[in-house]
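Reading the structure
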Amino acid sequence: MSLLAALHLAISSSLLLFVLSNDGTPSNEIFNRFSDYIRRFNKSYEYGTMEYKKRESIFEQTLRRIEWLNKHRNSSQAALYGINRYSDLTPEEFKNYTHLVKINNTGKKPHLLKSKLSGDPKVLKDLPKRVDWREKKVVTPVNNQENCGACWAFSSVETIETMYALKTGVLEQWSVQQVIDCAAAPNRGCGGGDTCLTVEWLYESQAKIVLAEDYPFTGETGECKQDVKSAKTVSIAKNFTCDSFVGEEYLMLLHLAHHGPLIAAVDATGWQDYLGGIIQYNCDSERNHAVQIVGYDLTGEIPYYIVRNSWGTEFGNDGYLNIIIGKNMCRIAEEVSAVDVI
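Described below are features of the structure shown in this document. As the structure is a computational prediction, the values presented were derived from the model and not from experiment.

**Regarding the state of the cysteines**
Within this structure, the stated rule accounts for four disulfides. Residue pairing for C182: its cysteine sulfur links by disulfide to C224, the two sulfurs lying 2.0 Å apart. Taking the sign of the S-S torsion, about 95° here, the bridge from C182 to C224 comes out right-handed. Of this pair, C182 sits in helix 7 (residues 176-182) while C224 is found in the loop between strand 5 (209-210) and strand 6 (233-234), placing the two residues 42 residues apart along the sequence. The residue that forms a disulfide with C196 is C242, at a sulfur-sulfur distance of 1.8 Å. When the S-S torsion is 50°, as for the bridge of C196 with C242, the disulfide is right-handed. Note that C196 is positioned in helix 8 (residues 195-204) and C242 in strand 7 (residues 241-243), a separation of 46 residues in sequence.

Written out as structure tokens, the structure reads:
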């Protein structure tokens, strides 16, 4: 049994992932681990080809990066890194899973949330120690955006789903594909988008989002279908919001506790090797991805947000990850949106 197999850790209930040891990694070990990786993750590289050699070399670099990251863990709750389905990708290739459109300085964005939720930090003494909207059965299953860079649409629609469930008592899955196809520029479908401008477009256009079953996800940008018939539709209310909470993350906690989930633009550059635990470091590049924050936990030594991703349930902890509160880690507090529905 290899050292890697001896240190295995079941982070996801559906997938066994592996963690590196601190020992050296001889070339025959690289070959064995890469061969095992190909089998476990159903990769199609043919031994002896240039592509095989390229991916094996990238895999070896990934192993060394994981080893370095895990050496810097400061507690058993800290983020843990290891092999997953992205381990054969370069960091540049991994960016294909992170697509936010960069808006120039003249681009207007709505800024309403702070005025709506402003208050004294002392109210935190009345804040619940833990909030997880999944426990209220108002969060839909984790999505997989596949090779479509539409995190901005997924996170927006996922939050609409929860707010609709909170208002009506019915949890529905609404059409992400409709938003991908129809959202106005600068959103570019699977080529990227902007969360704040998406919620603004949803309100300004009074778009009626249909059920996912009537306008299903295809994994690519399509032509906007205007005549889809659906038994139900949903729109967002005027009091949609978007703002920065750097230095004021307590306002995000208040909103999560008393209103519902949030949409956040984040830096996901350092998530390539993430298996589980609380991210506290190595996450301060540019905003390039979007997620849904479904709760928080203040009960432990390290307070953290509960973050839902859109890379399928094999990522992280059944599709979720945890990010420390109070440090603007992964730039999670810089561009935060909230919606109500009608």
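More follows now that the structure is in view.
**Here we look at helix 9 (residues 249-258)**
Burial within helix 9 is extensive, with nine of its ten residues counted as buried. All of the buried residues in helix 9 are E249, Y250, L251, M252, L253, L254, H255, L256 and A257. Positive backbone phi, approximately 160°, marks G260, located one or two places after helix 9.

**Describing the packing of aromatic side chains**
All chains considered together, the criterion is met by 21 aromatic pairs. With 5.9 Å between their ring centres and 75° between their planes, F31 and Y47 make a pair best called edge-to-face. Within this pair, whereas F31 is found in helix 2 (residues 27-40), its partner Y47 is found in the loop between helix 2 and helix 3 (50-71), the two being separated by 16 residues in sequence. The exposure class of F31 is partly exposed, given its relative accessible area of 34%. What makes Y47 exposed here is its relative accessible area of 62%. Taking 6.1 Å as the distance between ring centres and 65° as the angle between the ring planes, the aromatic pair formed by W271 and W311 counts as edge-to-face. Of this pair, W271 sits in the loop between strand 8 (262-266) and strand 9 (274-276) while W311 is found in the loop between strand 12 (304-308) and strand 13 (320-324), placing the two residues 40 residues apart along the sequence. On the basis of relative accessibility, which here comes to 1%, the residue W311 falls in the buried class. One aromatic cluster is present, formed by F31, F34, Y37, F41, Y45, Y47, Y52 and F59 through successive ring pairs.

**Description of the nonpolar core**
Grouped together as the largest cluster of nonpolar side chains are 64 residues, with contacts concentrated most on W271, I279, Y305 and I323. Looking at which element gives the most residues to this core, the answer is helix 9, with seven residues. In terms of nonpolar packing, the next biggest core, distinct from the first, is built from 34 residues, A150, I160, V179 and F240 among them.

**Considerations on the packing of helix 6 (residues 151-168) against helix 8**
In a packed pair of helices, the relevant descriptors are the angle between the two axes and the axis-to-axis distance. One can describe the packing of helix 6 onto helix 8 by two numbers: an axis separation of 9 Å at closest approach and a directional angle of 55°. Overall, the two elements helix 6 and helix 8 adopt an arrangement that is oblique. When the axes of helix 6 and helix 8 are compared, the crossing they make is right-handed. From helix 6, W152, S155, S156 and I160 reach across to helix 8, where they touch T195, T198, V199 and L202.

**Thoughts on unusual backbone geometry**
Between A185 and the following residue, P186, the backbone shows a cis peptide bond with an omega angle of 15°. By the element assignment, P186 lies in the loop between helix 7 and helix 8. Even without being glycine, C330 reaches a positive phi, approximately 60°. Mapped onto the elements of the fold, C330 is located in the loop between strand 13 and strand 14 (336-338). With a relative accessible area of 0%, C330 lands in the buried category. Phi at R331 is positive, roughly 60°, even though this residue is not glycine. You can see R331 is positioned in the loop between strand 13 and strand 14.

How each quantity is defined
- Residues numbered from 1 in each chain as written.
- Predicted model: local features only at pLDDT ≥ 70, side-chain atom pairs only at ≥ 80, totals over all residues.
- Heavy atoms only, no water.
- Disulfide = S-S within 2.5 Å.
- Helix = DSSP H or I, 4+ residues; strand = E, 2+ residues; numbered from the N terminus.
- Buried < 20%, exposed > 50% of the residue type's maximum accessible area, 1.4 Å probe, protein only.
- Phe/Tyr/Trp six-rings, centres within 6.5 Å; stacked < 30°, edge-to-face > 60°.
- Core = buried A, V, L, I, M, F, W, Y, C linked by side-chain atoms within 4.5 Å.
- Axes fitted to C-alpha atoms, helices over the stretch in contact; angles between N-to-C directions.
- Parallel < 35°, antiparallel > 145°, perpendicular 65-115°, else oblique.
- Left-handed = near helix turned anticlockwise from the far one by under 90°.
- Contact = heavy atoms within 4.5 Å.

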